[in-house]
Amino acid sequence: MTQDQNAALSGIDTSVPHSARMYDYWLGGSSNFEADRELGKAFEQAIPSIKTMARENRRFLGRAVRMMAEEAGIRQFLDIGTGVPAAGDTHSVTQIVAPDSRIVCVDNDPIVHAHTKALTENTADGRTRYVQADMKEPEKLLADPELTGHLDLDRPVGLLLVAVLMLLSDHDRPWAKVSTLLDALPPGSHVAITHPTADFDPQAMAEVVEAAGRGQMTLVPRNKAQVEEFFGGWELVEPGVVPVMGWRPEETPTDPKAAYYWSGVARKKG
Ligand SMILES: C[S@@+](CC[C@H](N)C(=O)[O-])C[C@H]1O[C@@H](n2cnc3c(N)ncnc32)[C@H](O)[C@@H]1O
């Protein structure tokens, strides 16, 4: 089946750019269309290092999952806004560091669904499940039988909200939505968050927001205090909320602020 047939079957409008497919384009994937590439390139004009930023965000995800698995012993992950499966995603990282983990991937893009479904159906041990849901409806997501049948919400969960919260406007009440998710998880759970910000280069980020608006996409950069608020009083693990390249890096970056994301991991105390 061609990519276009696949898209048509999934019921997606390929003439409207979508964050999952733009991100896939920046990461060098093939699940993207002309409209996604066009807007992707417009972002790149404002921020020439945007592809590196996407890769750095994915690398953070890997380090955060590894930390949760190895230091906190977490074996259940809830990855919301999971994106098109690719190297370095939650599924592939847990396969390496903790293959006995159970994972629920969540996204609202049908094309992510199509790819992840293939991935989960081909995983012999069935440890990864996919839920098509909207982060704006956390209660509905938490009650989804696919999620409740796969994850034990009485045991610690690693929640991943990586490069997704900027796609909710303030009007969507993102802090309340995140709080509903955090409240549903037991002590010992961890949450990892990254979020783009205008704190490092206001002009470049303003251009990106403008380009997003032209492509009918919501994109809200947030400052450090606003990002910290998402952690809802959970205990931030070292080094706290820092630029994404500076969160427990494998090698010290020359300029940690070269990727315009705040990032952090926090733990729910017992
Ligand atoms: C920029 S990608 C991030 C992918 C992945 N988390 C990562 O960092 O590598 C954002 C993802 O969030 C998904 N998304 C956007 N809005 C969403 C919503 N309201 N509910 C669930 N997923 C959403 C998009 O479809 C996309 O796959």
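None of the values given here were measured: they were computed from a predicted structure.

A. Highlighting the site of the ligand. Near the ligand you find 19 residues, and of these Arg58, Gly81, Asp107, Asp134 and Val162 are the closest. Within the backbone of Met135, an N or O atom sits 2.8 Å from a nitrogen atom of the ligand. At a separation of 2.8 Å, a nitrogen atom of the ligand approaches a polar backbone atom of Val162. When the free accessible area of the ligand is taken as 600 Å², the share hidden by the protein chains comes to 97%. Given that more than half its atoms are within 2 Å of the pocket grid, the ligand belongs to the largest pocket. Going through the elements one at a time, α2 (19-26) and α4 (50-71) are the ones with two or more residues in the shell around the ligand. Ranked by residues supplied to the shell around the ligand, first place goes to α2 with three residues. The residue inventory of the shell around the ligand, partitioned by class, reads eight nonpolar, seven polar and four charged.

B. Region of the structure containing unusual backbone geometry. Cis geometry is adopted by the peptide bond preceding Pro239, which originates at Glu238 and carries an omega value of 10 degrees. Its place among the elements puts Pro239 in the loop between β6 (235-236) and β7 (242-243). Located in the positive-phi region is Arg173, a residue other than glycine, with phi close to 55 degrees. Relative to the helices and strands, Arg173 resides in the loop between β4 (158-162) and α9 (174-183). If you check the backbone angles, Gln216 has positive phi at about 60 degrees while not being a glycine. The residue Gln216 is located in the loop between α10 (202-214) and α11 (224-230) in this model.

So, how was this worked out
Residues numbered from 1 in each chain as written. Predicted model: local features only at pLDDT ≥ 70, side-chain atom pairs only at ≥ 80, totals over all residues. Heavy atoms only, no water. Near = heavy atom within 4 Å. Polar contact = N/O pair within 3.5 Å; in protein donor to acceptor, adjacent residues only side chain to side chain. Areas by Shrake-Rupley, 256 points an atom, 1.4 Å probe, with all protein chains shown as cover. 1 Å grid on protein atoms, 1.4 Å probe; cavity = no way out; pocket = protein on both sides within 12 Å on 5 of 7 lines; lining within 4 Å. Sits in = over half its atoms within 2 Å of the grid points. Helix = DSSP H or I, 4+ residues; strand = E, 2+ residues; numbered from the N terminus. Nonpolar A, V, L, I, M, F, W, Y, C, P; charged D, E, K, R; others polar.

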